[in-house]
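Observations on chain architecture
Now for the letters of each chain:
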Amino acid sequence: MAANEAIKLRNNRLAQYYGMFTVGLIVISLIMGALELVAGMPQAWIGWTFLMLTMGMYAFIGIMSRTKALDEYYVAGRNVPAIFNGMATGADWMSAASFISMAGTLYALGYDGLAYIMGWTGGYVLLALLFAPYIRKFGQYTIPDFVGTRYGGRWPRLVAAVSAIIVSLTYVTAQVVGVGIIMSRFIGVPYEWGVVIGLSGVLVCSFLGGMKAVTWTQVAQYIILIIAYLIPVTFLSLKLTGFPIPQFSYGVALQNITRLEGELKISSEAPARDGTGRIIQQGYVPAYNEGLSNAPAVTAVGQINSYFGTRFTPPAAQSIPNTTKPAEEIQPDWRGTPWNFLALTFCLMVGTAGLPHILIRFYTVPSVRESRMSVGWALFFIFLLYFTAPAYAAFARWEILQNVVGKEISSLPVWTQNWSKLGLITQRDYSTLEGRDIAKLPAWAAPQVTSGALVITDANGNGKIDVAGATFSESEVDGKKIGTFGELSGTAITKNSTDGILQFGELNIDADTIVLATPEIAGLPYTVAALVAAGGLAAALSTADGLLVVISSAIAHDFYFRIINPKASLNTRIWLGKSMLIVAAVIAALLALPRLALIAQMVAWAFSMAAASFFPVVLLGIFWKRCNGPGAIAGMVGGLSVTIFYMASNYLNPSFNVLGITHLASGIFGLPVNFLLCYIVSKLTAAPSQEVQDLVDHLRNPQLDDDLMTELAGTKGKVAAGAH
Amino acid sequence: MSDTKDMDRQQRINAYWNENNRLIISLLVIWFAVAYIPPLFINQLNQIRIVGFPLGYYFGSQFSLAVFVVLIFYYVYAMNKLDSKYHLKDK
C-alpha cells in the first residue's frame, strides 16, 4: 500500500499549503486594516496591494505547476483529490455574475430571483447522478471526445466542438468584462487596462500549466472569494440584527421589508415602473410579479448601432402589462402564475449540467468514486455562497426601505451619495437635474425628451436646467395632465417626481451595487471593500481560466488532432493548445471592449442552449444504448432550432409567448424536442455498432480502466473482445 | 439478496446497473418534489412564518439548497455501498 501512503502524504501537504494560504490571507487583511485605521494608508495603496498579492499568488501557482505533459495540460494529471476538485469546480462555476451581480438581481426581483439560486445549485444533483461518474469513467479530454466516440464519426464531434466554443467564448467574454469593471472601480485604472492586466494574469497561469495550473489556482481563488463574500455580510448582519450568522438572521430583514413595504404602499398589484413602462420595483416576498418586456432588446440593438455604426431597426418598445393601453387591448401578462419561474429554474438546472467547462472538471479526479464525492464537495462549496446571497439582498432591501426611500435627496446616507456619483444608483427625481447641461442629460431622462413626455424650455438661455426654488404647477391639455416645474414641463412632471424626496419608484440600483456597497453600509474599513474586489476578481478570473481551457482544447484537440491531423506529435498538440489559449483570450478581450449588454444576455441564453443541445445527447448516450449518431444529430439540431426560434421571437416581441415563459427559459421547449427527435430517428435508423454498445457497458462499470477507454475512444477504435 | 459472488461479471454489472437506476430515480423524485412543488403553493406557504422567514421563500432560498447537498452526499454513500456489494470497487 505504498501508493496509498504517498497519496495520503500528498493530500496532507496540499491541505497544509492551502491552510497556510488561508491564514496568510486573513493575517494580511488584518494588517492592511490596521494600517488603514491607524496609519491612514491611502485607499489606492490598499487596492493595489491586494491586487498585486493575489495576482502574484496566481502567477506563482502557475509557474510552480508548469508542465509539458499532455495529461497534466488537459486534465491536471487526473490526480486531483475530490475535495480540492470540489473547490476548483466551485471557483470554476461561480463567475463574476454569481459573486457581484446575483445579490443585486435578488434585490430587484425578490422571490422571482430565487429561480437562479435553485437553478444553479439543483443542476449539480443532475450532474452527480447522471453525468460525473460516467464522464470520469470515460476518462478522455473533452466533451466533444465523448460525443464523438459515443456517436461515431466526425459530425457529432464537430457539432459538439462548435457548440462548446460558442458557449464558452460568450461566457468568457462576460468574465473579462467583469474583470475590467472591478479593476477600474477599485484600482482606478481605465477599463481597457483592467481587461489587459486581468487577462495577462489568466494567461500566465493557464499558458504555463494548462489544466493543472488552472486547478490549483482555482482552489486558491475559491478560498479568496468565499472569505471575501462572507465577511461583509456577517458584519452587516451583526450591525442590523445583533446576530453574526446572516443566513439565519435575514428572516428579521424579510419581516421588516414586508412591514416597510406596507407603510410605503409598495405592492405587487401596483408596481413601480420606469420611464418606459417597464416594471422595476414590486413587493419583495410575493411571487411571480415579473411582466414581459423587450426593453433589453431595444437597449441591445441601440448599443450595437451606436458602437458599430450599423442601422438595425430596434423593435418597438413593448411591455406587458402595458398600463397605458385601453383595457380591451391589454394582453394576458401571466403575472401571478408560476410557469415562467418553474421553466427558468428547470432550464438553469439542466443547462448547468450540460456546460462543458464544468463537465471536464470530472476528468481530473483519480477515480469514479472520487468523481461522485467531488460533485458533493463542489455543491457544498457553491452552496456556501448561494445560501448567503439572499441575505445580502434582504439586508440591502431593508436598509434602503428604512434609510433611503422617502427621505430628502439632499440628506441621503453617505454610501448612497457615493454610489450615485459613480452612476450605480440612479435617482429619478427631476429636482436632481438642477444645473445639468441640457446637452448631457442622464440616461433615464434622455428618452423622455425624445418621446415628448419631458419638455425642456431653456428660458434664460444658459444651456443648463434651472429648477432651483421652482414650484410645481399643473394644467390640463387635451385631457392630459401637464406638469410644469421651473424650466421643465410635460406629462412626466408630477408632484411626486419633483418634490425632492426619493420615492421607491424613482430609485434604480445597478445589480453590482449590493455586494460592492455592503462593506460601506456596514461601516467597515476600505480594506474589506478591497478584499471584496479581490474576491470578485478571483471569481471572474477562475471562471475565465476554465473556459479558456475548454476553447483551446476544442480547437487543438478536437479540430486539429482528432479531425485534421491524427498523427500530430505530443509537442505540436501542446504548442497548438497554448497558442489557441492566447488567441481565445485576445478574441475575448476584443469582444469585451465594447461592453455590450448583449453579452450578458447571451450568457443567460447559454443555459437554455446547453439544456436543449448537450444535456439530452450526453444523457441518452449513457442511459440508452440504442441511441445512435443520426438520432443525436437530429436531436441537437432540432432542439437548438426550436430553442433559438422561441428565444429570438420572444426577445424581440414579448407578446409572442407560451404561458408567459420568457426567452431566458426557451430551453424548456427545445429539450423535449431534442429527446423526441433523438428517440424517433434512432429507432428508424440502424442500432449503433457492437463496439459502441460495449463502450456503453464499460461506462456503466465503475472500475477504472483508462487504457481500455483510450483505446475505445482512439481513432483506431478496434478492441479485442474481453480485453480486461 | 443472493450472494453476488456467484454471478458472473456481466451479470453483476447488469444487477448493479439496475439498482443504480432505481437509486437515481428515487433521488430525482425527491429532487423534483423539493424544487418544483413548493413554488406551486407559494402564496399559501408564505402565510406561515418561521423566525421571520415566509415558508415559501424559505423553501426556495435555503431548504431546497440544503436538500440538494444532502442528496448528493447520500448518493455517494449509497453508490459506494453498491460498488462493494457487487464487487465492482475500484482498486
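See the structure shown above.
Treat the numbers as computed from the prediction; the structure is a model and nothing was measured.

**Observations regarding the overall build of chain B**
- Broken down by element type, chain B carries three helices and two strands.
- Ordering the α and β elements of chain B from the N terminus gives α-α-β-β-α.
- Computed over the C-alpha atoms, the radius of gyration of chain B is 19 Å, more than 25% above the 12 Å expected from 2.2 N^0.38 for a compact globule of 91 residues.
- Principal-axis analysis of the C-alpha atoms places the extent of chain B at approximately 55 × 25 × 15 Å.
- Classification of the 91 residues of chain B by burial places 32% in the buried group.
- Residue pairs at least 24 apart in sequence account for 54% of intrachain contacts in chain B once pairs closer than 6 positions are excluded.

**Observations regarding the nonpolar core**
- Ranked by size, the top nonpolar core spans 245 residues in total, and within it A:Leu225, A:Phe395 and B:Ile72 carry the most contacts.
- Of all the elements, helix H9 (residues 191-241) of chain A adds the most residues to this core, at 25 residues.
- Once you skip the residues sitting within four places of it in the chain, B:Ile72 turns out to touch A:Tyr124, A:Val125, A:Ala128, A:Val375, A:Gly376 and A:Leu379.
- Among the nonpolar cores identified, the runner-up in size contains ten residues, and A:Tyr430, A:Val467, A:Leu488 and A:Ile493 belong to it.

**Comments concerning the packing of helix H22 (residues 614-623) of chain A against helix H24 (residues 667-684) of chain A**
Residue and element names in this part refer to chain A.
- Relative to each other, H22 and H24 sit at 40°, their axes nearing to 9 Å. Our classification of the angle between H22 and H24 gives oblique. Judged by the sense of rotation from one axis to the other, the crossing of H22 with H24 is right-handed. In this structure, H22 uses Phe-615, Pro-616, Val-617 and Leu-620 to contact H24, whose residues at the interface are Leu-671, Asn-674, Phe-675 and Cys-678.
- Of the residues in the contact of H22 with H24, the class split is seven nonpolar, one polar and no charged.

**Let's talk about the interface of chain A and chain B**
- Contacts between the two partners involve 39 residues from chain A and, on the opposite side, 35 residues from chain B.
- Among the elements of the structure, helix H6 (114-138), helix H10 (246-264), helix H12 (339-353), helix H14 (368-386) and helix H25 (690-700) of chain A are those that each provide at least two residues to the side of chain A that touches chain B.
- If you tally residues by element for the side of chain A that touches chain B, the top one is H14(A), at ten residues.
- Tallied by class, residues from the side of chain A that touches chain B come to 26 nonpolar, nine polar and four charged.

**Notes on the pairing of strand S8 (residues 480-485) of chain A**
Residue and element names in this part refer to chain A.
- The sheet contact formed by strand S7 (residues 472-477) and S8 spans six bridges and is antiparallel. When the bridges of S8 are listed, Ser-475 appears paired with Ile-482.
- The turn joining S7 and S8, which pair antiparallel and follow one another in sequence, is formed by two residues; a positive phi near 50° is taken by Asp-478.
- Taken together, the three bridges between S8 and strand S9 (residues 488-490) define a ladder with antiparallel strand orientation. Note on S9: the bridge partner recorded for Phe-485 is Leu-488.
- Here S8 hands over to S9 after two residues, with Gly-486 in that stretch at a positive phi of 60°.

**What to know about the packing of helix H15 (residues 389-403) of chain A against helix H18 (residues 513-521) of chain A**
All names here are of chain A.
- Relative orientation of the contacting elements H15 and H18 amounts to 60°, with a least axis distance of 10 Å. One finds that H15 runs oblique with respect to H18. The two elements H15 and H18 cross, and the hand of that crossing is left-handed. Judged by residue contacts, Tyr-392, Ala-393, Ala-396 and Glu-399 of H15 engage Ile-514, Val-515, Thr-518 and Ile-521 from H18.
- Split into classes, the residues belonging to the contact of H15 with H18 amount to six nonpolar, one polar and one charged.

**Details of unusual backbone geometry**
All names here are of chain A.
- For Ala-76, which is not glycine, the phi torsion reads 55° and is therefore positive.
- Tracing the sequence through the fold places Ala-76 in the loop between helix H3 (70-75) and helix H4 (82-93).
- Of note, the phi angle at Leu-659 is positive, near 55°, even though the residue is not glycine.
- By secondary structure assignment, the location of Leu-659 is in the loop between helix H23 (629-652) and H24.

**Quick word on the environment of A:Met32**
Residue and element names in this part refer to chain A.
- If you trace the backbone, Met-32 turns up in helix H1 (residues 2-39).
- Taking the C-beta count within 10 Å as the criterion, Met-32 has 22 such neighbours and is therefore assigned buried.
- Not counting the four nearest positions on each side in its chain, Met-32 is found in contact with Ile-46, Thr-49 and Thr-527.

Conventions and cut-offs
- Residues numbered from 1 in each chain as written.
- Chains lettered and ligands numbered in written order.
- Predicted model: local features only at pLDDT ≥ 70, side-chain atom pairs only at ≥ 80, totals over all residues.
- Helix = DSSP H or I, 4+ residues; strand = E, 2+ residues; numbered from the N terminus.
- Rg over C-alpha atoms; globule rule 2.2 N^0.38 Å.
- Buried ≥ 20, exposed ≤ 12 C-beta atoms within 10 Å, placed from the backbone.
- Contact = placed C-beta atoms within 7 Å.
- Core = buried A, V, L, I, M, F, W, Y, C linked by C-beta atoms within 7 Å.
- Axes fitted to C-alpha atoms, helices over the stretch in contact; angles between N-to-C directions.
- Parallel < 35°, antiparallel > 145°, perpendicular 65-115°, else oblique.
- Left-handed = near helix turned anticlockwise from the far one by under 90°.
- Nonpolar A, V, L, I, M, F, W, Y, C, P; charged D, E, K, R; others polar.
- Pairing = 2+ DSSP bridges.

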